[in-house]
Amino acid sequence: MAAGVGVNTEDPAASDEAADLFRAVGRQLKAARERAGLGQRELGRRLGYSEEQISSLERGRRTPQPEFLRAADELLGCGGLLAVAAEDVERAKTRRRVRHPEWFRDYAELEGKAVELCYFANQAVPGLFQTEAYARAVFSNRQPYFDEETIEQRVTARLARQELLTKWPPPKVTAVVQEAVLRQSFGGPTVQREQLRHLVQVGGLRHVEIQVMPMSSEEHAGMGGPFTMLELKDRPRMAYLEVQHVSRLVTEPEEVRVLAAKYGSIRGQALSTHESLRLVEKLLGDL
């Protein structure tokens with residue numbers, strides 16, 4: 001059965017205010033980085049972020065986390081300029097409502113509260129792991145086509161969802177991705193290469209386990225399509241399905257049990273996390 005959990009109201013003024021703040025902080029970060037003579041990749045390496053993440057932060061597309069701002073302030077010798085912005089960012093985050101489409105808001109709210117998330121993806125890299133360029137390619141290729149404003153809103157919202165990977169305490173995240181998804185040059189070779197690098201980085205987080213379902217596998221319990229499992233502290237386990245722009249939140253216990261059993265089988269048929277990492281690195285080396 002499909003279940004509603006209440007529709008979030010959106011405050012455009014608060015969202016615009018937050019976006020303006022994030023862009024201003026991003027400009028300050030860029031100026032401080034350039035003054036220190038560091039490139040985006042080098043700054044990211046020193047702070048534990050990818051080059052793509054630093055770029056997104058500097059353009060105001062990704063929400064700057066307080067711990068990042070404090071670390072960057074110290075590293076770049078900003079004398080507290082970035083650190084003091086952390087409180088403003090936190091206040092803006094509490095007022096901001098990410099512009100998810102209405103049909104997606106219930107799931108996005110649950111995802112942000114989950115203590116465990118499990119993804120099976122056989123069409124595209126899970127949204128939680130997508131780079132900005134990959135996400136833009138996803139929304140740009142969607143049919144019927146989105147206008148440019150909608151594409152930018154969806155990309156920004158997708159990147160904002162990824163904050164849950166760096167919050168504390170983080171949720172336990174596992175994912176099985178079809179090998180064919182990683183081999184597809186979606187968005188072009190540069191986008192594909194950047195996305196594979198990002199998967200290697202995300203897969204190195206302690207609370208994230210990424211597995212690959214190899215094309216050579218003779219068994220596959222996931223032929224019914226992609227799905228997500230969610231575990232919350234105060235609610236029974238549930239699942240989320242989305243296909244051809246039709247979404248469904250599954251709460252009926254027997255349906256959830258069947259999907260959970262499928263996910264267990266899929267993980268058992270996939271490569272181990274170490275084997276998967278080696279495969280992603282091999283694909284990256286072949287590009």
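So, here is what we can say about the structure in this document. (Residues numbered from 1 in each chain as written. Predicted model: local features only at pLDDT ≥ 70, side-chain atom pairs only at ≥ 80, totals over all residues. Heavy atoms only, no water.)

Side note on the nonpolar core
We apply this condition: Throughout, nonpolar core names a set of buried Ala, Val, Leu, Ile, Met, Phe, Trp, Tyr and Cys residues whose side chains join them through atoms within 4.5 Å. Whether a residue is buried, partly exposed or exposed follows from its accessible area with a 1.4 Å probe, protein chains only, as a fraction of its type maximum: under 20%, in between, or over 50%, in that order. Any two residues having at least one pair of non-hydrogen atoms within 4.5 Å are treated as being in contact.
Ranked by internal contacts, the top residues of the largest apolar core, which has 34 residues, are Leu117, Leu128, Phe129, Leu165, Val173, Leu182 and Leu230. Those residues within four positions of leucine 117 in sequence are excluded, and the remaining contacts are Glu111, Leu128, Leu164, Pro171, Lys172, Val173, Thr174, Met229 and Leu230. Grouped together as the second largest cluster of nonpolar side chains are 21 residues, Val25, Leu57, Phe68 and Cys78 included.

Structural notes on the pairing of strand β1 (residues 116-121)
Put simply, the test is: For helices the rule is a DSSP run of H or I covering at least 4 residues; for strands it is a run of E covering at least 2, with both sets numbered from the N terminus onward. A pair of strands is considered paired only if DSSP assigns at least 2 bridges between the two.
When you tally the buried positions in β1, you get 5 out of 6 residues, the bulk of the element. For β1 and strand β4 (residues 227-232), the ladder comprises 5 bridges, and the chain directions are antiparallel. Bridged to phenylalanine 120 within β4 is phenylalanine 227.

Side note on the side chain of glutamine 162
Tracing the sequence through the fold places glutamine 162 in the loop between α8 (148-161) and β2 (172-178). Judged by its relative accessible area of 5%, glutamine 162 falls in the buried class.

Notes on the sheet that holds strand β5 (residues 235-243)
The following threshold applies: Lines fitted to the C-alpha atoms define the axes, with helices restricted to the stretch that makes contact. Angles between their N-to-C directions range from 0 to 180 degrees.
With respect to topology, 6 strands assemble into an open sheet ordered β3-β2-β1-β4-β5-β6, the strand pairing being mixed. Two strands lie at the open edges of the sheet, namely β3 (208-213) and β6 (246-250), each paired on one side alone. With strand direction ignored, the average angle separating the axes of adjacent strands in the sheet is 10°. In terms of strand pairing, β5 meets β6 through 5 bridges, oriented antiparallel. Note on β6: the bridge partner recorded for alanine 239 is valine 250. With respect to the sheet, helix α11 (residues 253-269) is in contact with β1, β2, β3, β4, β5 and β6, its orientation differing from that of β4 by roughly 110°.

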